[in-house]
Amino acid sequence: MVKTICNILSTIILVVLLAAAAVILVPMLLGYKEMAVLSGSMEPTISVGSLVYVKPIEASMLEVGDVCTYYLSDGETFVTHRVLSIDPNAKTLVTQGDANDTPDGDIQFSQVYGRADFHLPYLGIAIQNIRTPVGIMTICGVVMLVILLNFIPAIIDAAEDEKKQKEQENTAG
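Residues numbered from 1 in each chain as written. Predicted model: local features only at pLDDT ≥ 70, side-chain atom pairs only at ≥ 80, totals over all residues. Heavy atoms only, no water.

Caption draft 1: Highlighting the sheet that holds strand β4 (residues 78-87). An order of β1-β2-β7-β3-β4-β5-β6 is seen for the seven strands of this open sheet, with the pairing classed as antiparallel. Looking at which strands have only one partner, the edges of the open sheet turn out to be β1 (33-36) and β6 (106-108). Sheet twist, expressed as the mean angle between neighbouring strand axes with direction ignored, is 50°. Direction of pairing for strand β2 (residues 51-56) relative to strand β7 (residues 112-120): antiparallel, over a ladder of six bridges. By the bridge assignment, L51 is partnered in β7 with L120. Contacting β1, β2 and β7, helix α1 (residues 2-29) crosses the sheet at an angle of about 15° to β2. Sheet strands touched by helix α2 (residues 123-130): β1, β2 and β7. Its angle to β2, the strand with the most contacts, is close to 85°. (Pairing = 2+ DSSP bridges. Helix = DSSP H or I, 4+ residues; strand = E, 2+ residues; numbered from the N terminus. Axes fitted to C-alpha atoms, helices over the stretch in contact; angles between N-to-C directions. Contact = heavy atoms within 4.5 Å.)

Here's what the structure looks like:
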C-alpha cells in the first residue's frame, strides 16, 4: 500500500515538473523568450503575473494591433504593449497598454525586441520565484522528495523482512 502511494505521488510530482520544464523549454527551442508581466497596463488581455512569450522580429514586420515588446531608453527594462500606429518612414511606432488612457509616444524601431505571440496566466510569478534562492532550494527539496518517495517502499520492505525474520527465529528457537 505504501509502495503504491509513493509511486503515485512521485509520478504526479514528476509529471508536474516535466510539464513545467516543457512550458519553459519548448518555446525557448522555438526561439521565444519568456518574460514575466509585472504591471497591469495590458489588463484584461494580459494579467499581472502572466508569462509572455516574445518572438524576436524586426519592427518592420509588426502590424497595427500586434502586441510587441520593446526596450525603454535604459536598455534593461522591457515593456509589452499593443501597436497603435506605425510610421515606416520615420522608423517609429506608437504603442499603448490596453488598460492605459494615453499612448506611450514614439518608439524607435531599434527599441523593438519582438512580438508577444502568446501568454500563460500566473506562470510569470512562478518563474520569477523559481529564480530566487528560496525557489532554487524549493526545487532541490522537491527533487529530494521524489528520490525519497522512491526509496521509502524499499526501506519499509526491508524493515518488514527483518521483522518477519526475527519472528521466525523466535518461533523456531
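Caption draft 2: Region of interest: the side chain of T69. Examined against the element boundaries, T69 turns out to sit in strand β3 (residues 67-71). For T69, the side chain forms a polar contact with the side chain of T80, separated by 2.8 Å. Aside from chain neighbours lying at most four places away, what touches T69 is M35, V54, F78, V79, T80, V112, Y113, G114 and A116. (Polar contact = N/O pair within 3.5 Å; in protein donor to acceptor, adjacent residues only side chain to side chain.)

Caption draft 3: Here's a closer look at the layout of surface pockets. In this model, the largest pocket occupies a volume close to 430 Å³. Contributing to the lining of the largest pocket are 22 residues, with M35, A36, V37, L38 and F78 lying nearest its centre. Going through the elements one at a time, β1, β2, β4 and α2 are the ones with two or more residues in the lining of the largest pocket. Tallied by class, residues from the lining of the largest pocket come to 11 nonpolar, seven polar and four charged. For the second largest pocket, the calculated volume is near 220 Å³. Of all the elements in the fold, those that place two or more residues in the lining of the second largest pocket are α1 and α2. Of all the elements, α1 adds the most residues to the lining of the second largest pocket, at six residues. (1 Å grid on protein atoms, 1.4 Å probe; cavity = no way out; pocket = protein on both sides within 12 Å on 5 of 7 lines; lining within 4 Å. Points joined across faces, edges and corners; volume = space filled by probe spheres on them. Nonpolar A, V, L, I, M, F, W, Y, C, P; charged D, E, K, R; others polar.)

Interpretation in functional terms is not warranted from these geometric data alone.
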